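# Architecture at a glance
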Amino acid sequence: MNEVTYAHMLMNELDGYFDSEISWSEEYQDRAYDIVKIFESFENPEAAVVPILQGIERQRTSAIDWFAEFQIFLEQFDKEKMKHEYITSLQRKPTEMCNVLLRRLDVDAEEIDNIISNRTKRLEEAFN
């Protein structure tokens, strides 16, 4: 199994420990920590970037504290590459986590709003 597929498998498994009805889950955090350690041991740790972002996109919360382990992991990579990945993630599904990560890269709030607005327009065009 390649690293990308393995990363997707781990993130999909982690979904079972997420509960947006509560503000914190020790079990989720422990598993997230273990998963990040596995990602760090990859021959190519960047292989986990898209699976992490897609895992965050699947969750129904704006509480970014759930994803602190992943935020720390993601911030180690090339900033320009990560900006591209965060924008792509916003285009798939806007999340507060990607919004915060882009702002940490000094992306203007107006640019972020435009990305989200363009996504909304494209969806409207597709379904009208």
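Preceding block: the structure.
Definitions and limits used
- Residues numbered from 1 in each chain as written.
- Predicted model: local features only at pLDDT ≥ 70, side-chain atom pairs only at ≥ 80, totals over all residues.
- Heavy atoms only, no water.
- Core = buried A, V, L, I, M, F, W, Y, C linked by side-chain atoms within 4.5 Å.
- Buried < 20%, exposed > 50% of the residue type's maximum accessible area, 1.4 Å probe, protein only.
- Helix = DSSP H or I, 4+ residues; strand = E, 2+ residues; numbered from the N terminus.
- Contact = heavy atoms within 4.5 Å.
- Patch = residues over 30% accessible without salt bridge, like charges linked within 9 Å, V, L, I, M, F, W, Y side chains within 5 Å.
- Areas by Shrake-Rupley, 256 points an atom, 1.4 Å probe, with all protein chains shown as cover.
- Salt bridge = Lys/Arg side-chain N within 4 Å of Asp/Glu carboxyl O.
- Lys, Arg positive; Asp, Glu negative; His and termini not counted.
- Charge placed at Lys NZ, Arg CZ, Asp CG, Glu CD.
- Polar contact = N/O pair within 3.5 Å; in protein donor to acceptor, adjacent residues only side chain to side chain.

## Things to note about the nonpolar core
In this structure, Tyr28, Phe39, Ile52, Phe70, Phe73, Leu74 and Tyr86 are the most contacted members of the largest nonpolar core, which totals 34 residues. Of all the secondary-structure elements, those providing two or more residues to this core are helix 1 (3–14), helix 2 (26–40), helix 3 (49–58), helix 4 (68–74), helix 5 (79–92), helix 6 (96–104) and helix 7 (109–126). Among the elements that line this core, the one with the most residues is helix 2, at 5 residues. With residues near it in sequence (within four places) discarded, Tyr28 still touches Leu14, Tyr17, Phe18, Trp66, Phe67 and Phe70.

## Digging into a negative patch on the surface
A cluster of like negative charges, contributed by Glu26, Glu27, Asp30 and Asp34, occupies part of the molecular surface. Within the secondary structure, Asp34 sits in helix 2. Residue classification places Asp34 among the partly exposed residues on the basis of a relative accessible area of 45%.

## Examining the side chain of Gln29
Mapped onto the fold, Gln29 is located in helix 2. For Gln29, a relative accessible area of 9% puts it in the buried group. At 3.2 Å, the side chain of Gln29 and the backbone oxygen of Trp66 are in polar contact.

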